[in-house]
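Listed here are the chains, written in short residue letters.
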Amino acid sequence: MLTVDCRDVLSVKNELLVYVSDSVAAIPTLKNHKFTLSTFDDDEILDIDSVINAIKEFLDSIGENNNFAVISNNDTISIQSINGKIISNDSETSQNEMFTCTHCGFVTRYQVELNVHMRIHYL
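Everything quoted here is computed from the prediction, not taken from an experiment.

Caption draft 1: A look at the pairing of strand β1 (residues 2-5). Alternating positions in β1 separate into two faces, L2 and V4 on one and T3 and D5 on the other, with burial throughout. Pairing of β1 with strand β3 (residues 34-38), which is carried by 4 bridges, proceeds in the antiparallel orientation. Looking at β3, one finds that T3 is bridged to T36. In terms of strand pairing, β1 meets strand β5 (residues 76-81) through 3 bridges, oriented parallel. Residue pairing in the sheet places D5 in a bridge with S78 of β5.

Here it is in structure tokens:
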């Protein structure tokens, strides 16, 4: 499982998640300021270089490739502003964030509810 930290690009996090997960054929899970990607088969490993390339392609498609660096550290990829520019998140978008169960696709607006739901998969 890979984690992509999106603190500097929050307003485009959902679009980035869709683009990257489609590009690398992974299951996405939304978190507060990041998202995770996991494989369809537990035995497979996500290629971190493919994920980084997909992120860079997305940033290039919105004209922000020169303003952000994509940095990898173990299983975490951070998208960081080079020149201090932050693609900010408006308050309305942050209220509409959704969290998804990686096991069955259950969707909720509340992280706590997702945590409680995930426990049923381990009973």
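Caption draft 2: Representation of the sheet that holds β1 within the structure. Taking strand neighbours across the sheet as the criterion, the 5 strands line up as β2-β3-β1-β5-β4 in an open arrangement whose pairing is mixed. A strand with exactly one partner marks an edge of an open sheet, and here the two such strands are β2 (27-30) and β4 (68-73). Between one strand and the next, the sheet's axes are offset by a mean angle of 20°, whatever the strand orientation. Sheet analysis places β2 next to β3, joined by 4 bridges and oriented antiparallel. Opposite P28, over in β3, you have L37 as the bridge partner. Strands in contact with helix α2 (residues 48-61) are β1, β3, β4 and β5; relative to β4, the strand with the most contacts, it is inclined by about 165°.

The rules behind the values
Residues numbered from 1 in each chain as written. Predicted model: local features only at pLDDT ≥ 70, side-chain atom pairs only at ≥ 80, totals over all residues. Heavy atoms only, no water. Buried < 20%, exposed > 50% of the residue type's maximum accessible area, 1.4 Å probe, protein only. Helix = DSSP H or I, 4+ residues; strand = E, 2+ residues; numbered from the N terminus. Pairing = 2+ DSSP bridges. Axes fitted to C-alpha atoms, helices over the stretch in contact; angles between N-to-C directions. Contact = heavy atoms within 4.5 Å.

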